Amino acid sequence: SIIGILLFVIMTGAESTVVRAALMVLVVIAAKLFGRNYSASRALLAAAFLMVLHNPKTLVFDPSFQLSFLATCGLVFVSPLIGKYLMWVTERWGIRTILVTTIATQITVLPFLVYSVGDVSLVSLLANILVLFFIPVTMLVGSIATLVAYISRVVAWPLSYITHLLLSWILGVSHYLGNLSFATVSISQFPFWAVLIIYLMIIILVKRFRSFSQRSAN
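Here the structure is a predicted model, which is why all the values come from computation and not from measurement.

Along the chain, the regular secondary structure elements total ten helices and two strands. Secondary structure elements of the chain, listed N to C terminal, follow the sequence α-α-α-α-α-α-β-α-α-α-β-α. Principal axes of the C-alpha set define a box for the chain whose edges measure 55 × 55 × 40 Å. Looking at the 218 residues of the chain, the share that counts as buried comes to 30%. The distance from the centre of the 13 positive side-chain charges to the centre of the 4 negative ones in the chain is 16 Å.

Shown next as structure tokens:
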């Protein structure tokens, strides 16, 4: 597993998002090897600490790292809160999971994204619903096709074609929705203090939700 993760990081060019995810998975493997409990929040902090330790400029000058960190915070801390209010959504085809994860990540990423870019996407939720289900399948089939190609290109061709169709769907949805006239709304000025206040409110809501959940469990 460790070798596969390292090869995947190298194959994708060691982008910040991939490195962060790889470090978190390595923490999972280390926890299992040493018989320790795994904490996603601590794994995220450990991954961020190691990346910043390696390159301190990442903390300020790498938007990929910043957005990836915020999105993962949404998955870890905000998803349980959102999921509580979406129990009525069906779990078939992973629709509830897609909705929960998309809304959670949008909540944590949007304030910083508006501050740094100045645009708010009105189609991101729909786009994620339409493509997220196919991304793991695309990655799996594409990886298998790449490995099989070293043995036989003839055998790899059908898998490559399936990957091509899946990628065409993902890119087609992104292109169509992204080119709609109402796809984005520009916000010219969004002060940094407003970003801090929004994140402070999110932290307070998450802490209250977790405290309430712990009291209910007891």
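Before going further, it helps to spend a moment on a nonpolar patch on the surface. Taken together, I2, L6, L33 and F34 make up a surface patch of nonpolar side chains, about 450 Å² in accessible area. For I2, the location among the structural elements is in helix α1 (residues 2–11).

A few words on the side chain of D62. The residue D62 is located in the loop between α4 (58–61) and α5 (63–84) in this model. Residues in contact with D62, not counting those within four places in the same chain, are S16 and K57.

Overall, the coordinates contain five aromatic pairs when judged by the stated rule. Ring pairing ties together the aromatic residues F133, F134 and W169, which thus form one cluster.

This paragraph deals with the nonpolar core. In a soluble, globular protein the nonpolar side chains are often hidden away together inside. Ranked by internal contacts, the top residues of the largest apolar core, which has 15 residues, are L70, V78, I82, L86, Y199 and I202. Elements supplying a minimum of two residues to this core: α5, α6 (95–117) and α10 (192–217). Ranked by the residues each element gives to this core, the list is headed by α6, at five residues. Within the second largest apolar cluster, seven residues are counted, among which are V123, A127, V173 and A183.

Another point: the confidence of the model for the chain. Detail in the predicted coordinates should be disregarded across regions flagged by low pLDDT. Predicted confidence across the chain gives a mean pLDDT of 85, with 98% of residues reaching 70 or more. At the level of individual helices and strands, the chain shows its lowest average pLDDT in strand β1 (residues 119–121), which scores 81, and its highest in helix α9 (residues 153–178), which scores 91.

Position of G94 among the secondary structure elements: in the loop between α5 and α6. Spatially, the C-alpha atoms of G94 and L132 are 9.6 Å apart, while their sequence positions differ by 38 residues.

For the rest of this paragraph, the subject is α9. Helix length check: α9, at 26 residues, gives a terminal C-alpha distance of 35 Å against a target of 38 Å (1.5 Å per residue), a fit within 8%. Those residues of α9 not exposed but buried are A156, T163, L166, I170, V173 and L177. Where α9 is buried, its residues meet α7 (124–131) and α8 (134–149).

Right, let's get into the packing of α6 against α7. Running from amino to carboxyl end, α6 crosses α7 at an angle of 140 degrees, the nearest separation of the two axes being 10 Å. α6 and α7 meet at a crossing whose hand is right-handed. Contact residues: α6 offers I98, L99, T102, I103 and Q106, while α7 offers S124, L125, N128 and I129. Here the contact of α6 with α7 is composed, by residue class, of five nonpolar, four polar and no charged.

Next up on the list: α8. In an α-helix, one turn spans 3.6 residues; hence positions three or four apart end up facing the same way. Across its 16 residues, α8 extends 22 Å between first and last C-alpha, which sits within 8% of the 22 Å expected from 1.5 Å per residue. Taken together, the buried positions of α8 are occupied by T138, V141, G142 and A145. Within α8, the buried residues cover an arc of 100 degrees as seen down the axis, which keeps them to one side. Turned more than 90 degrees off the buried face of α8, the exposed positions are P136, L140 and L147. Where α8 is buried, its residues touch α9.

Reading guide: rules and limits
- Residues numbered from 1 in each chain as written.
- Predicted model: local features only at pLDDT ≥ 70, side-chain atom pairs only at ≥ 80, totals over all residues.
- Heavy atoms only, no water.
- Helix = DSSP H or I, 4+ residues; strand = E, 2+ residues; numbered from the N terminus.
- Buried < 20%, exposed > 50% of the residue type's maximum accessible area, 1.4 Å probe, protein only.
- Lys, Arg positive; Asp, Glu negative; His and termini not counted.
- Charge placed at Lys NZ, Arg CZ, Asp CG, Glu CD.
- Patch = residues over 30% accessible without salt bridge, like charges linked within 9 Å, V, L, I, M, F, W, Y side chains within 5 Å.
- Areas by Shrake-Rupley, 256 points an atom, 1.4 Å probe, with all protein chains shown as cover.
- Salt bridge = Lys/Arg side-chain N within 4 Å of Asp/Glu carboxyl O.
- Contact = heavy atoms within 4.5 Å.
- Phe/Tyr/Trp six-rings, centres within 6.5 Å; stacked < 30°, edge-to-face > 60°.
- Core = buried A, V, L, I, M, F, W, Y, C linked by side-chain atoms within 4.5 Å.
- pLDDT = per-residue confidence, 0-100.
- Expected span 1.5 Å × (residues − 1).
- Axes fitted to C-alpha atoms, helices over the stretch in contact; angles between N-to-C directions.
- Left-handed = near helix turned anticlockwise from the far one by under 90°.
- Nonpolar A, V, L, I, M, F, W, Y, C, P; charged D, E, K, R; others polar.
- Arc of directions from axis to C-beta.

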